[in-house]
Amino acid sequence: MTAELEEEPTGPVNPLRDPQDRRLPRIAGPSSLVIFGVTGDLARKKLMPAIYDLANRGLLPPGFALVGFARRDFSNQDFAQIVHDSVKEHARTPFREEVWQQLAEGFRFVPGDLTDDEAFKKLRETVDELDVNRGTGGNHAFYLSIPPSLFPKVVEKLKQHGLADEVAGSWRRVVIEKPFGHDLKSARELNHVVESVFPPEAVFRIDHYLGKETVQNMLALRFANAMFEPVWNSHYVDHVQITMAEDIGIGGRAGYYDGIGAARDVIQNHLLQLLALVAMEEPVSFDAWSLRQEKKKVLAAVKLPDRLDLHTARGQYAAGWAGGTKVKGYLQEDGIPQHSATETFAAMRVDVDTRRWAGVPFYLRTGKRLGRRVTEVAVMFKRAPHLPFTATETEELGQNALVMRIQPDEGITMRFGAKVPGTMMEIRDVNMDFAYGGSFTESSPEAYERLILDVLLGDPPLFPQHTEVELGWKILDPVINFWAEQGQPEQYDSGGWGPDSAHEMLARDGRAWRRP
Ligand code: BG6
């Protein structure tokens, strides 16, 4: 075990695990959320609607306050109008005037630049005023929805203006969005800056995949049931495929995406977190410390193949068709340099060097402008050791599979062979389905609802710790460095399933990607 796995538990225990607390509704206490970069896309499409949805579900305190900080000359009323529009357009739950009115009373806007001391003074006055008028009790979370290059400035200013200081019984927290660096070295530097101002337990790193119901359900599936765990190992599992496919291109995100690419954008975080959850051992409990320990053990055991040329693939989308519309290739998108080598598709094989997973490859793939939007984790089983049938009888029988459908169409599919009705023995693959929509009446909250609530509750299990981020970069850095020496990525057709090299990569191992 390495030193990084041995740290002592810190932070509160997950109240969901405590039988007494579990009966209590999880409602945030007096607090405010301050959003830096409040005019950005994330705030508009995800954060503001999630706050309204939480209020609508009765999970925010009556005096909750939302403070927007941005370089715009808005009044509180202008800000309220922006939140209103975003809620009307993107909220999950119905608009209710009385909920809105109460929430809107807690809106404040602080205009200013992230380097401007006057603006931070104003922010300080604003949170003090909220403590008096809204009863926020000195509890304030600062959400940095801004490029990571600006994190150091903002946390420094928060410190300088006393905004990071917890006063008697109150809390201060900081929420940061990925990318947490662009390689191991920069991630360490970034972490150093953030943790020199906020203690580790006050830093909440968002990986919104962990906020998804279906991702949390992977834990329920594995550890609440008896029937899966016995086969969850190299005796029965042939390989695992983790796919995150998107049909969209990069849209207006050229500035963020170019130079980052698919591997840094989603493999480093979302896909490696999915891998950790599917491969980890059972945690002692679901408190943050125990859960992170198990995830870290898996990530520390991940090994890359020696031949990265044979076991990784990358591509860039070319022009084509998506949903019946003609779409541009990546190099023709606005703001993308003509010779950009940024990959929009990435695939790789990794192995998990543990007794449970010896010899079981994990294949990860992600891409933009693929055939359809789907994220799934497919556990592919070995064939039965003996088939008492003729070859013709089983020619349409594939591998048994358990597919966790993260999105859309959330649920779980089991695939196995069944007899085709008739006078002959003929066996064909069939699917048995669990669909969230069919089994539960309530709809799933958005990932950001869950995560914002957890920040306000100070409940950390669903937030990756810095060590997990570092382990992710340790896995990915060699691949990214290798690709950097290989020139342009292969082009693939928009609307298809990625570059030929990705298919060849699996074919070499005698396998094929699932067509989701
Ligand atoms: C983000 C990536 O983390 O996840 C985006 O930066 C990607 O590039 C998005 O589009 C996908 O999220 P979801 O929840 O729609 O799968």
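Here, the structure is the one placed above.
Q: How should the site of the ligand be read in this particular structure?
A: In the vicinity of the ligand there are 14 residues, among which Tyr209, Lys212, Glu246, Asp265 and Gln407 approach most closely. Here arginine 253 contributes a side-chain N or O atom positioned 2.8 Å from an oxygen atom of the ligand. In the environment of the ligand, an oxygen atom lies 3.3 Å from a nitrogen or oxygen atom belonging to the side chain of arginine 373. A per-element tally of the shell around the ligand places helix α10 (residues 261-279) first, with three residues. Residue composition of the shell around the ligand, by class: four nonpolar, three polar and seven charged.

Q: Quick question: what am I supposed to make of the pattern of salt bridges here?
A: Where charged atoms of side chains with opposite charge meet at close range, the side chains can pair. Counting across every chain of the model gives 36 salt bridges. With a closest N to O distance of 3.4 Å, aspartate 113 and arginine 71 form a salt bridge. Note that aspartate 113 is positioned in the loop between β3 (107-111) and α5 (117-133) and arginine 71 in the loop between β2 (65-70) and α3 (76-90), a separation of 42 residues in sequence. When its relative accessible area of 25% is taken as the criterion, aspartate 113 is described as partly exposed. Among the ionic pairs, glutamate 229 bridges to arginine 356, the shortest N-O distance being 3.0 Å.

Q: Looking at this structure, how should I read helix α16 (residues 500-507)?
A: Within α16 the residues assigned to the buried category are Ser501, Ala502, Met505 and Leu506. When α16 is viewed along its axis, its buried side chains cluster within an angular range of 140 degrees and face the same direction. On its buried face, α16 sits against β7 (237-245), α12 (308-311), β9 (312-322), β11 (345-352), β12 (361-367) and β17 (490-494).

Q: How should a nonpolar patch on the surface be read in this particular structure?
A: Taken together, the side chains of Leu387, Phe389 and Met425 define a hydrophobic patch exposed on the protein surface, amounting to about 220 Å² of accessible area. With respect to the helices and strands, the residue phenylalanine 389 is situated in the loop between β13 (374-381) and β14 (401-407).

Parameters at a glance
- Residues numbered from 1 in each chain as written.
- Predicted model: local features only at pLDDT ≥ 70, side-chain atom pairs only at ≥ 80, totals over all residues.
- Heavy atoms only, no water.
- Near = heavy atom within 4 Å.
- Polar contact = N/O pair within 3.5 Å; in protein donor to acceptor, adjacent residues only side chain to side chain.
- Helix = DSSP H or I, 4+ residues; strand = E, 2+ residues; numbered from the N terminus.
- Nonpolar A, V, L, I, M, F, W, Y, C, P; charged D, E, K, R; others polar.
- Salt bridge = Lys/Arg side-chain N within 4 Å of Asp/Glu carboxyl O.
- Buried < 20%, exposed > 50% of the residue type's maximum accessible area, 1.4 Å probe, protein only.
- Arc of directions from axis to C-beta.
- Contact = heavy atoms within 4.5 Å.
- Patch = residues over 30% accessible without salt bridge, like charges linked within 9 Å, V, L, I, M, F, W, Y side chains within 5 Å.
- Areas by Shrake-Rupley, 256 points an atom, 1.4 Å probe, with all protein chains shown as cover.

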